[in-house]
Amino acid sequence: MSLPLDIESALRPRLPSPVREVRDERFARRGLRLLLKRDDLIHPDLPGNKWRKLAPNLRAASEAGRRTLLTFGGAYSNHLRATAAAGRLLGLATIGVVRGDELAGRPLNPSLARCAADGMRLLFVSRGTYRRKAEPEVLAELLSTAAPGEECFVIPEGGSNAAAAAGCASLGRELRGVADVVGVACGTGGTLAGLAAGLAGAGSAIGFPVLRGGFLADEVESLQRAAFGTRRGDWRLDERFHCGGYARRSAGLDAFADDFTARHGLPLDRVYVAKALYGLTTLAEEDAFPHGTTIAAVITGHGDDTRPPL
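What you see is a predicted model; the values in this text were computed from it and never measured. Within every chain, residues take consecutive numbers counted from 1 along the sequence as written. Selection of residues for local features in this predicted model requires a pLDDT of at least 70, selection of side-chain atom pairs for listing and counting requires 80 or more, and totals for whole chains, interfaces and linings are taken over all residues. Side-chain metrics rest on all non-hydrogen atoms present in the structure, leaving aside hydrogens and water.

(A) Quick peek at the sheet that holds strand E9 (residues 234-237). Strand order in the open sheet made by the six strands is E1-E2-E10-E7-E8-E9, with mixed pairing throughout. Looking along the sheet, the strands with just one partner apiece sit at the ends: strand E1 (19-22) and E9. Geometrically, the sheet is characterised by an average inter-axis angle of 25° between neighbouring strands, direction not taken into account. Any two residues whose heavy atoms approach within 4.5 Å are treated as being in contact. Where helices are involved, their axes are fitted lines through C-alpha atoms of the stretch in contact, as for all axes, and angles between N-to-C directions lie from 0 to 180°. Numbering goes from the N terminus for both helices and strands, where a helix is a DSSP run of H or I of at least four residues and a strand is a run of E of at least two. On top of the sheet, helix H10 (residues 216-228) reaches strand E7 (181-186), strand E8 (204-209) and E9; it is set at about 150° to E9, its chief contact. Pairing between strands is defined by DSSP: at least two bridges between the two strands are required.

(B) Examining the pattern of salt bridges more closely. When a carboxyl oxygen of Asp or Glu lies within 4 Å of a side-chain nitrogen of Lys or Arg, that pair is called a salt bridge. In total, this model carries 30 salt bridges according to the counting rule given. Arg33 serves as the salt-bridge partner of Glu21, at 2.9 Å between the closest nitrogen and oxygen. Of the two residues, Glu21 is situated in strand E1 and Arg33 in strand E2 (residues 33-37); the sequence distance between them amounts to twelve residues. Overall, the relative accessible area of 38% leaves Arg33 in the partly exposed class. Among the ionic contacts, a cluster of salt bridges with common partners joins Asp24, Glu25, Arg26, Arg29, Asp259 and Arg263. The classification of residues rests on relative accessible area computed with a 1.4 Å probe and restricted to protein chains. Under 20% of the type maximum is buried, over 50% is exposed, and intermediate values are partly exposed.

(C) Broad picture of the packing of helix H3 (residues 49-63) against helix H4 (residues 78-90). Packing of H3 against H4 brings their axes to within 11 Å, and their N-to-C directions diverge by 50°. Taken together, H3 and H4 sit at an angle that is classed as oblique. The way H3 lies across H4 gives a crossing that is right-handed. Seen from H3, the contacting residues are Lys50, Leu54 and Leu58; seen from H4, they are Asn78, His79, Ala82, Thr83, Ala86 and Leu90. Under the convention adopted here, Pro, Cys and the residues Ala, Val, Leu, Ile, Met, Phe, Trp and Tyr are nonpolar, Asp, Glu, Lys and Arg are charged, and Gly plus all remaining residues are polar. When grouped by side-chain class, the residues that make up the contact of H3 with H4 number five nonpolar, three polar and one charged. Roughly parallel means an angle under 35 degrees; roughly antiparallel, over 145; roughly perpendicular, 65 to 115; everything else is oblique. Crossing handedness is defined as follows: a turn of the near helix away from the far one that is anticlockwise and smaller than a right angle gives a left-handed crossing, while the clockwise case is right-handed.

(D) Examining the side chain of Gln224 more closely. Among the secondary structure elements, Gln224 is positioned in helix H10. Residues in contact with Gln224, not counting those within four places in the same chain, are Ala193, Ala196, Ala197, Gly229, Thr230, Arg231, Arg232 and Trp235.

(E) Structural detail: helix H8 (residues 162-175). Compared with the 20 Å implied by 1.5 Å per residue over 14 residues, the 21 Å span of H8 between its first and last C-alpha is a close match. Burial in H8 covers these residues: Ala164, Ala165, Gly167, Cys168, Ala169, Ser170, Leu171, Gly172 and Leu175. Between the first and last residue of a helix there are one fewer steps than residues, each counted as 1.5 Å, and that sum is the expected span.

Functional significance is not addressed by these values, which are geometric in nature.
Put into structure tokens, the structure is as follows:
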């Protein structure tokens, strides 16, 4: 049985995702409207940007006739979980290359246990090997080790490539004429690249990196050039809200997330979504937006974070 080309019919996503306005006094008293773009409701197993980035890659795998997906992620990777779920739902084999060979002998954490339950084969590699995973000889060795004799379709870490950026352009198109400014958390940059292109100048996008390092602007521009031929849309990054790095939290972030949930009844993923909303709220309090601005925050995933605070 071959993978159906019509991925939407097979997985039945909820598109366009709903938009909910919330009244938050920190925005309202400055004449600002706050909207929540509920991409977390697109699909129970492939929420938010995971759906938007994976769907075009799944189509490409189908067109290439590949029945095995190989991809990469850390021990708590939402991308690995979504890829494993897609494999289960579509009848595909999945392989997850996991950063950190020291994890191989330990009990699986809840994220990796979910991947394994969905049928994903896990290959734990050293951090040095993981950093070099895109080098042709390293990738060839990983493929030989993980799937000898199989033809795999390789999806990059976080699912971010040109196809994924093009897929995320639909997010921008859904928000044209709805919001003046759109904020989104950024890991590998594919969602921001597509969002800004889809807005097509009808609004601006702000990305809030969840990793430190200041490298993401080049990544976003590179993805846009690969997907669209040039830099597209009005976008920028605000690097102040990563709280020290990926999966790291601060007392301020936790207090903000708890307060937001109490105000609006929405649990926030602390790795991505909370950082973006923390950033947008801080910018509002800094009077960074003109009176009358409508701001949308993209809710990219569920608030069921299983990671211990770092």
